[in-house]
Protein chains: 2
Amino acid sequence: MKKSFGSKPLVFPTPTWVIGCYDAQGKANVMTAAWGGIVSSLPPSIGVSLRENRHSYQSILAKGGFTISVPGAKHAREADYFGLVSGRDRDKFAASGLTPQRAEFVDAPYVAEFPMIIECRLSQTVELGQHIQLIGEIVDVKVDEDALDADGNPDMALLAPLVFAPGARTYHTVGPAIGKAFSLGKGLL
Amino acid sequence: MKKSFGSKPLVFPTPTWVIGCYDAQGKANVMTAAWGGIVSSLPPSIGVSLRENRHSYQSILAKGGFTISVPGAKHAREADYFGLVSGRDRDKFAASGLTPQRAEFVDAPYVAEFPMIIECRLSQTVELGQHIQLIGEIVDVKVDEDALDADGNPDMALLAPLVFAPGARTYHTVGPAIGKAFSLGKGLL
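Our subject in this report is the structure included herewith.

Conventions adopted
Residues numbered from 1 in each chain as written. Chains lettered and ligands numbered in written order. Predicted model: local features only at pLDDT ≥ 70, side-chain atom pairs only at ≥ 80, totals over all residues. Pairing = 2+ DSSP bridges. Helix = DSSP H or I, 4+ residues; strand = E, 2+ residues; numbered from the N terminus. Least-squares fit on C-alpha atoms with pLDDT ≥ 70 in both. Contact = placed C-beta atoms within 7 Å. Core = buried A, V, L, I, M, F, W, Y, C linked by C-beta atoms within 7 Å. Buried ≥ 20, exposed ≤ 12 C-beta atoms within 10 Å, placed from the backbone. Nonpolar A, V, L, I, M, F, W, Y, C, P; charged D, E, K, R; others polar. Arc of directions from axis to C-beta.

The four strands are arranged 14(A)-13(B)-12(B)-2(B) in an open sheet whose pairing can be described as antiparallel. Each having just a single partner strand, strand 14 (179–180) of chain A together with strand 2 (14–15) of chain B make up the two edges of the open sheet. Here strand 12 (residues 163–165) of chain B pairs with strand 13 (residues 170–172) of chain B via three bridges, running antiparallel. Residue pairing in the sheet places Ala165(B) in a bridge with Thr170(B) of strand 13 of chain B.

This is the structure we're talking about:
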């Protein structure tokens, strides 16, 4: 039997992404977002939805770019903190003790200690009611070398990204690989 | 040290979602997608990106709705199979042995055996290059009762959704909760 929850923003999994930008005063700021995902392979693009009243929203529009820093499970506390307060009146980097690193290709900072960084150039915005979706063209992806597998690809189990569960509002992380995509299902062909 | 991967559709985590629709002949079809996420809280909306040449794309446009069936780890094989072949010339439900269940609020089928179902009414499309993003307003979420926590919320560890790692192209699942959101970071306030 299934229980019905009605019309709710509820699906598994959702990411825990830390969005980085510089504000009008040049201060490095970060906020946590779970409403996002890859939206196209070519050009490689990612969508992240923010409310229009967020401090980060106007900053990203003004600078034309943002970063996504993917926290590993060991930084769950800092990632959660980044979603609790506004950068209007706080220096969240200073409070967390984490390091703002200037991105290579866009005018935005990222969290140096986090294992996976996506640099995005803002390409369009989509109004979707309470949230505005920022579409970012991915200009670079950087991953900690100790989170790579034997083939040089990012290993999701080693990287241990935070995953957010809407509804229960819990953080989790990801376990070992259970199979290869585009392969596991071949037995049913 | 971080390794740079350039401009690639690569970020963690991405979901493994099985998109359900009826085609022009009324045949229940499913395809697997990893490019998607929640895009707004109000109206609760989800975005899923498909290539325009997919059999599902025209079907969803014609019917005005689709479902997302979230596979648990135990159905990794079937979820992968749904992404390997086209519904133009196959009956994927028959081949997998899984059951197409007519959705309650939209003209689309879902996978009865999967633990979490999202019913979506198509509200707009966004052209993003190789992919077109289908924005669906969430009209209902249904979850298996044995995947609920003590408060009646879906428990992500019990539900054990498949998670996809682009790049390495591996499937994983989600582990136990490691903390509560909007709480864990309060120590840094």
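With an axial shift of 0.0 Å and an RMSD of 0.0 Å, the rotation relating chain B to chain A amounts to 180 degrees. When the rotation and shift are considered jointly, the pair of chain copies conforms to a two-fold rotation axis. The share of interface residues of chain B whose copies in chain A are also at the interface is 100%, consistent with both copies meeting through the same surface.

Before going further, it helps to examine the pairing of strand 11 (residues 132–144) of chain A. When strand 6 (residues 44–50) of chain A meets strand 11 of chain A, the two strands line up antiparallel, connected through six bridges. Pairing of Leu50(A) across the sheet is with Ile132(A), part of strand 11 of chain A. Pairing analysis gives eleven bridges linking strand 10 (residues 116–127) of chain A to strand 11 of chain A, with the strands arranged antiparallel. By the bridge assignment for strand 11 of chain A, Glu127(A) is matched with Ile132(A). In sequence, strand 10 of chain A turns back onto strand 11 of chain A through a hairpin of four residues, with Gly129(A) there showing a positive phi of about 95 degrees. When strand 11 of chain A meets strand 1 (residues 2–4) of chain B, the two strands line up antiparallel, connected through three bridges.

Before going further, it helps to spend a moment on the nonpolar core. Most often, soluble globular proteins have nonpolar side chains that are buried together. With 118 residues, the main nonpolar core has Ile19(A), Ile46(A), Ile19(B) and Ile46(B) as its most contacted residues. Ignoring any residue separated from it by four or fewer positions in sequence, one finds Ile46(B) in contact with Val11(A), Gly36(B), Ile38(B), Val39(B), Ile68(B), Ile118(B), Cys120(B), Gly136(B) and Ile138(B).

What follows concerns the interface of chain B and chain A. Taken residue by residue, the interface counts 93 residues in chain B and 93 residues in chain A. With nine residues, the single largest contributor to the side of chain B that touches chain A is strand 11 (residues 132–144) of chain B. Along the lines of polarity and charge, the residues of the side of chain B that touches chain A split into 53 nonpolar, 25 polar and 15 charged. Both strand 13 (residues 170–172) of chain A and strand 14 (residues 179–180) of chain B contribute to a ladder of two bridges, which runs antiparallel. Residue pairing across strands places Thr170(A) opposite Lys180(B), the latter belonging to strand 14 of chain B.

Let us now look at helix 1 (residues 55–63) of chain A. Each α-helix turn comprises 3.6 residues. Residues three or four places apart therefore point the same way. All names here are of chain A. Along helix 1, the residues classified as buried are Ser56, Ser59 and Ile60. Along the axis of helix 1, the buried residues cluster in a sector spanning 100 degrees; they form a single face. Looking at the buried positions of helix 1, the neighbouring elements they touch are strand 3 (17–22), strand 4 (28–33), strand 6, strand 7 (65–70), strand 10 and strand 11. Positive backbone phi, at 75 degrees, marks Gly64, one or two positions downstream of helix 1.

This part is about unusual backbone geometry. For the bond running from Leu42(A) to Pro43(A), omega is -10 degrees, close enough to zero to count as cis. Along the chain, the position of Pro43(A) falls in the loop between strand 5 (36–41) and strand 6. With omega at -15 degrees, the peptide bond leading from Phe12(B) into Pro13(B) counts as cis. You can see Pro13(B) is positioned in the loop between strand 1 and strand 2. Backbone geometry places Phe182(A), a non-glycine residue, at a positive phi of 60 degrees. Among the structural elements, Phe182(A) can be located in the segment after strand 14. Even without a glycine there, the phi angle at Arg169(B) is positive, about 55 degrees. Mapped onto the fold, Arg169(B) is located in the loop between strand 12 and strand 13.

Our next topic: the environment of Phe114(B). Residues and elements named next belong to chain B. Tracing the backbone shows Phe114 in the loop between strand 9 (109–111) and strand 10 (116–127). Considered as a pair, Phe114 and Ala165 are 51 residues apart in the sequence and their alpha carbons are 20 Å apart. Excluding its chain neighbours within four sequence positions, the residues that come into contact with Phe114 are Val18, Ser69, Val70, Pro71, Gly72 and His75.

Functional significance is not addressed by these values, which are geometric in nature.
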